[in-house]
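Chains, contacts and geometry: an overview
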Amino acid sequence: VESACKQVHRSLIDDFKFAYVWGTSTKHDPQSCGLSHVLHDEDVIQIVKKTNQQQKADKNYQQRVQQHWDVTRERRRKNRLKT
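For clarity, every value in this text was computed on a predicted model and none was experimentally measured. (Residues numbered from 1 in each chain as written. Predicted model: local features only at pLDDT ≥ 70, side-chain atom pairs only at ≥ 80, totals over all residues. Heavy atoms only, no water.)

1. So, the sheet that holds strand β3 (residues 44-49)
Threshold: One bridge is not enough; two strands pair if DSSP finds at least two bridges between them. Labels follow the DSSP assignment, with helices taken as runs of H or I lasting at least four residues and strands as runs of E lasting at least two, numbered in each case from the N terminus. An axis is simply a line fitted to the C-alpha atoms; with a helix, the fit covers only the stretch in contact. Between two such axes, the angle follows the N-to-C directions and lies from 0 to 180 degrees.
Strands sit in the order β2-β1-β3 across an open sheet of 3 strands; the sheet is antiparallel. At either margin of the open sheet sits one strand with a lone partner, and together these are β2 (31-33) and β3. For this sheet, the mean inter-axis angle between neighbouring strands, taken without regard to orientation, is 30°.

Here it is, written out as structure tokens:
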């Protein structure tokens, strides 16, 4: 499941809560699974992210927000110099 999340978007791993999986790799349809679950061919997954409140409760939330704004500020600064 982890590699499937990375193929969708790289930041999805940080906000991952669990995934519902339908297919031959599970006992029940659907079954909630974690990142370490191994998918089989033609399995169907539904990724469930953490809510905003759960994300804010994470210990590295402030660091991630600050990093995002630093990158955004740097991009804006570079764009101003080009024009």
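2. A word on the packing of aromatic side chains
Rules: Working definition: a ring pair exists when centres of Phe, Tyr or Trp rings (six-membered ring for Trp) sit within 6.5 Å. Plane angles under 30 degrees give stacked, over 60 give edge-to-face, the rest tilted. Note on exposure labels: buried denotes an accessible area under 20% of the residue type's maximum, exposed denotes more than 50%, and partly exposed covers the range between, all computed with a 1.4 Å probe on protein chains only.
Following the criterion strictly, the structure yields 2 aromatic pairs and no others. An angle of 85° between the planes, with centres 5.0 Å apart, marks the rings of Phe-18 and Tyr-20 as edge-to-face. Owing to a relative accessible area of 31%, Tyr-20 belongs among the partly exposed residues under this scheme. A centroid spacing of 6.4 Å and a plane angle of 50° characterise the contact between Tyr-20 and Trp-22, whose relative ring orientation is tilted. Overall, the relative accessible area of 30% leaves Trp-22 in the partly exposed class. Aromatic rings pair up to connect Phe-18, Tyr-20 and Trp-22 into one cluster.

Geometric descriptors of this kind do not, in isolation, establish any biological role.
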